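Structural features, examined
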Amino acid sequence: MFSIIIGICLAIGFVGLYNRAKSKNLKISWWQWAVTIIWLLYTGFVLKLIEGFIIEGALRAALVMGGIFGFLSIVAAVLLFRFVFFKSLSHE
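Residues numbered from 1 in each chain as written. Predicted model: local features only at pLDDT ≥ 70, side-chain atom pairs only at ≥ 80, totals over all residues. Heavy atoms only, no water.

Things to note about the overall build of the chain
Of regular secondary structure, the chain possesses 3 helices and 0 strands. When the helices and strands of the chain are listed from N to C terminus, the series reads α-α-α. Along the first, second and third principal axes, the C-alpha atoms of the chain reach 50 × 25 × 15 Å. Residues classed as buried in the chain amount to 26% of the 92 residues present. Expressed as a percentage of contacts within the chain between residues at least 6 apart in sequence, the contacts between residues at least 24 apart total 71%. Within the structure as shown, the chain displays about 6500 Å² of accessible surface, and the carbon and sulfur contribution to it stands at 75%. (Helix = DSSP H or I, 4+ residues; strand = E, 2+ residues; numbered from the N terminus. Buried < 20%, exposed > 50% of the residue type's maximum accessible area, 1.4 Å probe, protein only. Contact = heavy atoms within 4.5 Å. Areas by Shrake-Rupley, 256 points an atom, 1.4 Å probe, with all protein chains shown as cover.)

A closer look at the nonpolar core
Among the nonpolar cores identified, the biggest contains 11 residues, and these are Leu17, Ala21, Leu26, Ile28, Trp33, Trp39, Leu40, Ala77, Leu80, Val84 and Phe85. Elements with a minimum of two residues in this core: α1 (2-23), α2 (30-56) and α3 (59-90). No other element matches α3, which puts 4 residues into this core. Residues contacting leucine 17, with those up to four places away along its chain left out, are Trp33, Thr36, Phe81 and Phe85. (Core = buried A, V, L, I, M, F, W, Y, C linked by side-chain atoms within 4.5 Å.)

Observations concerning the environment of alanine 62
Among the structural elements, alanine 62 can be located in helix α3. Residue classification places alanine 62 among the buried residues on the basis of a relative accessible area of 7%. For alanine 62 and serine 73, which are 11 residues apart along the polypeptide, the C-alpha to C-alpha distance reads 15 Å. Look past the residues within four positions of alanine 62 in its chain and what remains in contact with it is Ile50, Phe53, Ile54 and Gly67.

Some points on the packing of α1 against α2
At a minimum axis distance of 10 Å, the contact between α1 and α2 shows a crossing angle of 160 degrees. As far as their axial angle goes, α2 and α1 are roughly antiparallel. Crossing of α1 against α2: the hand is right-handed. On α2, the residues touching Phe2, Ser3, Ile6, Leu10, Phe14, Leu17, Tyr18 and Ala21 of α1 are Trp33, Thr36, Ile37, Leu40, Gly44, Leu47, Lys48 and Glu51. The residue inventory of the contact of α1 with α2, partitioned by class, reads 11 nonpolar, 3 polar and 2 charged. (Axes fitted to C-alpha atoms, helices over the stretch in contact; angles between N-to-C directions. Parallel < 35°, antiparallel > 145°, perpendicular 65-115°, else oblique. Left-handed = near helix turned anticlockwise from the far one by under 90°. Nonpolar A, V, L, I, M, F, W, Y, C, P; charged D, E, K, R; others polar.)

Notes on the side chain of glutamine 32
Along the polypeptide, glutamine 32 turns up in helix α2. With residues near it in sequence (within four places) discarded, glutamine 32 still touches Lys27, Phe83 and Val84.

See below:
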């Protein structure tokens, strides 16, 4: 059940980013969308990693691995939005 929720959240996130870019008339190239999709897939992987460790009963491993990979996902998100979406906003 959690997998469906993760998938729905990732799909809503992608559609939300697409609609925001379209409403702001942003010129985002294909490789920027590819990087965005890779980041969304990585974030989904991190959430599934945490879920897998919790199901197996390894709560400490879920905390450590989730913290490490989750931090990397957050850093990647900040860099992605800074250099892809906000850079496109400043060119208007």
